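# Geometric and topological summary
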Amino acid sequence: MKTTPTPTTNQTLDPTNWDEARQLMHQMIDDAVDYLSTIREKPIWQPMPEEVQASFEEPVPREASSAQEVYSEFQEKVLPYPMGNVHPKFWAWYMGSGTLSGALGDFWASIMNPNLGGGNHAANKVEAQVVKLLKEIMQFPTSASGLLVSGGSMANLVGLTVARNVKAGYNLRQEGFQPNHKMIVYASTEVHSCNQKALELLGMGTSSLVKIPVNSDYTININALQQRIKADRDSGFHPICVIGTSGTVNTGAIDDLNTLADFCEAENLWFHVDGAIGAIAMLSDIVRPHLSGIERADSVAIDLHKWLHMPFEAACVLVKDGKGHKNTFSLIPEYLAKNTRGIAAGDLWFSEYGLQLSRRFRALKIWMSLKEHGTERFGDMITKNVNQAHYLAELVNESADMEQLAPIGLDILCFRYNPGDLSLEELNTINKEIKTQLEESGKSAPGYTTLDGRYCIRVAIANHRSRKEDFEELLNDIRQIGVTLRGAIPVLSQ
Ligand SMILES: *Cc1c(COP(=O)(O)O)cnc(C)c1O
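This one's a predicted model, so the numbers in the text were calculated from it and none came from an experiment.

## Observations regarding the sheet that holds strand β10 (residues 412–417)
Taken together, the 5 strands give an open sheet; going across it, the order is β1-β11-β12-β10-β9, and neighbouring strands pair in mixed fashion. Taken across any chain shown, the strands that pair with only one partner, and hence form the sheet edges, are β1 (90–91) and β9 (402–404). The pairing of β9 with β10 spans 3 bridges and is antiparallel. By the bridge assignment, Met-402 is partnered in β10 with Tyr-417. Of the strands in this sheet, β10, β11 (445–451) and β12 (454–460) touch helix α13 (residues 424–441), which is tilted by about 30° from β12. Where helix α14 (residues 468–487) meets the sheet, its contacts fall on β1, β9, β10, β11 and β12, and the angle it forms with β10 comes to roughly 30°.

## Points about unusual backbone geometry
Each neighbour pair has its own omega, and for Phe-312 with Glu-313 the value is 5°, a cis peptide bond. The residue Glu-313 is located in the loop between β7 (299–303) and β8 (315–319) in this model. Look at Asn-268: it is not a glycine, yet its phi comes out positive at around 55°. As for its placement among the helices and strands, Asn-268 is situated in the loop between α10 (257–267) and β6 (270–275). Of note, Asp-452 is a non-glycine position whose phi angle comes to about 50°, a positive value.

## Digging into the sheet that holds strand β5 (residues 238–245)
One open sheet accounts for 7 strands, arranged β2-β8-β7-β6-β5-β3-β4; its pairing is mixed. Each of the sheet's edge strands pairs with one partner strand only, and the pair in question is β2 (145–149) and β4 (209–212). Pairs of neighbouring strands in the sheet enclose a mean axial angle of 20°, with direction left out of account. Pairing of β7 with β8 involves 5 bridges; the strand directions are antiparallel. Counterpart to Val-300 in the pairing with β8 is Leu-318. Sheet strands in contact with helix α8 (residues 193–201) are β3 (183–188), β4, β5 and β6, and its direction is about 155° off that of β4.

## Quick word on the packing of helix α9 (residues 222–234) against α10
At their nearest, the axes of α9 and α10 sit 11 Å apart, and the two run at 15° to each other. As far as their axial angle goes, α10 and α9 are roughly parallel. You can see that α9 and α10 cross each other, and the crossing is right-handed. Contact residues: α9 offers Ile-222, Leu-225, Gln-226, Ile-229 and Arg-233, while α10 offers Thr-259, Leu-260, Phe-263 and Glu-267. Considering only residue class, the contact of α9 with α10 consists of 5 nonpolar, 2 polar and 2 charged.

## Quick word on the pattern of salt bridges
Opposite charge on two side chains permits them to pair, given that their charged atoms come into close proximity. Tallying each qualifying case throughout the model produces 21 salt bridges. With its nearest N and O atoms 3.2 Å apart, the salt bridge here joins Lys-77 to Glu-73. With a gap of 4 residues between them, Lys-77 and Glu-73 both fall in helix α3 (residues 67–77), about one helical turn apart. Overall, the relative accessible area of 35% leaves Glu-73 in the partly exposed class. Note that Arg-228 and Asp-232 form a salt bridge whose closest N and O atoms lie 3.1 Å from each other. A residue pair is termed a helical-turn pair when its members lie 3 or 4 positions apart in one helix, as Arg-228 and Asp-232 do in helix α9 at 4 residues. Classification of Arg-228 as partly exposed rests on a relative accessible area of 38%. The exposure class of Asp-232 is buried, given its relative accessible area of 5%.

## Looking at the site of the ligand
Around the ligand there are 14 residues in total, and Ser-153, Asp-274, Asp-303, His-305 and Lys-306 lie nearest to it. With respect to the ligand, the backbone of Gly-152 contributes an N or O atom lying 2.8 Å from an oxygen atom. Here a nitrogen atom of the ligand and a side-chain polar atom of Asp-274 are 2.7 Å apart. Contact with the protein chains hides 85% of the accessible area of the ligand, taken as 380 Å² for the molecule alone. Top contributing element to the shell around the ligand by residue count: helix α6 (residues 152–167), with 3 residues. A breakdown of the residues in the shell around the ligand according to their chemical character gives 4 nonpolar, 7 polar and 3 charged.

## A closer look at the pairing of β5
β5 sits mainly inside the fold: 7 of its 8 residues count as buried. With 4 bridges connecting them, β3 and β5 associate as parallel partners. Bridge pairing in β5 places Ile-184 opposite Pro-239. As paired strands, β5 and β6 are joined by 5 bridges and run parallel to one another. When the sheet's bridge partners are listed, Thr-245 is paired in β6 with Asp-274. Viewed along the sheet, the connection from β5 through α10 into β6 turns out right-handed.

Reading the values: rules and limits
- Residues numbered from 1 in each chain as written.
- Predicted model: local features only at pLDDT ≥ 70, side-chain atom pairs only at ≥ 80, totals over all residues.
- Heavy atoms only, no water.
- Pairing = 2+ DSSP bridges.
- Helix = DSSP H or I, 4+ residues; strand = E, 2+ residues; numbered from the N terminus.
- Contact = heavy atoms within 4.5 Å.
- Axes fitted to C-alpha atoms, helices over the stretch in contact; angles between N-to-C directions.
- Parallel < 35°, antiparallel > 145°, perpendicular 65-115°, else oblique.
- Left-handed = near helix turned anticlockwise from the far one by under 90°.
- Nonpolar A, V, L, I, M, F, W, Y, C, P; charged D, E, K, R; others polar.
- Salt bridge = Lys/Arg side-chain N within 4 Å of Asp/Glu carboxyl O.
- Buried < 20%, exposed > 50% of the residue type's maximum accessible area, 1.4 Å probe, protein only.
- Near = heavy atom within 4 Å.
- Polar contact = N/O pair within 3.5 Å; in protein donor to acceptor, adjacent residues only side chain to side chain.
- Areas by Shrake-Rupley, 256 points an atom, 1.4 Å probe, with all protein chains shown as cover.
- Right-handed = clockwise from strand over helix to strand, strands pointing away.

Following this line, the structure appears as structure tokens:
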């Protein structure tokens, strides 16, 4: 085998000139502060020109470039084309808007670059503390286990995996699935799709997720749930788990968690709560009473990059049965054996509670942000968003040409422009076009959904930068586009 000579023996990936590197880093910090402090004046979103798009097709860069050049390229090709969720007028899907301390935490997490698979080092303690704080916030016992994960999807996957293994009633980890032992999980028709994906990945099949109809407020119909579970038991199936949702993605509806907890207790079912949207609203004095019962869940998925505004990715899963949690994931081969002294000492190995062995230091941004702002301020931000949703609803209901389409859940309002003389199809077309034009103009970014065949402009206000007047402007912009489009309706509908 031919060996290639190393160009310079002591070459590393560190800067050759630390002063230059320092200067560039200072420049980046200055630019970041300018970026965030003037974000309101920037367009939320803009399309990428073709040259920019083409630049992402370039082949592997074999030769080195200067860090300054690479940074300039970032400024030119990436920075001007954001998704928009940092902007005060972004209310699409359900996303947080980031915090500065969160970003700086991520920066230091990458500089320190520890591996949170486990071990005897401070970063590991930081994650343990963050999990402990979240238990306290969720009113979970200290004996519960917990793990930071990438997002709500992973948090639900972990919770449902433990539910499956604990409730299988036999050693599923060892035996795999047994024939004629069909395990079933129940949730409302409004359940988030990631739960279905999770059950499919777990090998349980799409058919293992039974979707129960909702009431008019989009919460799960508990009578229907009870009847279905009884029928399934009578047919020889094995109901194992009910997923309650605290804040559905369409309308922010919160299932009746206490009644679900009672029912699961009586029926010996695992009670999992998908709290991707609403769980962290335990921090808000006005929302907390509506979440009553969440503390009775066997497991809960909490997103932190949504309403806690942590930079992506950040979520947490809590599991009451810490032993069941560990038994589901722990596997310690020789090369991962623990020690009684040194770096591998201690019993704190997060890799025993999830699929990932190597894990990033995502706890730092949460730790820094929680300390800097305090949970009361985070709670106030949540309360503010709920109040803004109600304010927007007031404006909608005062307007003859606007129509609210679902009850407000948490911070989510679904409505449409409706001048009163258009068919359902025309209304759907015009509202979709309004939403798209708002986005394309870079003015605001509401989301959308469809409820009972009706296209809704869906405003999900998980945004600590939004102001009252932003919602007044939103309605004015919608009206303006709507009035213009009305004349063009026959063309649009084709
Ligand atoms: C967003 C969301 C999820 C998925 O969470 P990710 O963080 O996007 O993975 C799950 N459930 C609900 C209710 C959600 O809103």
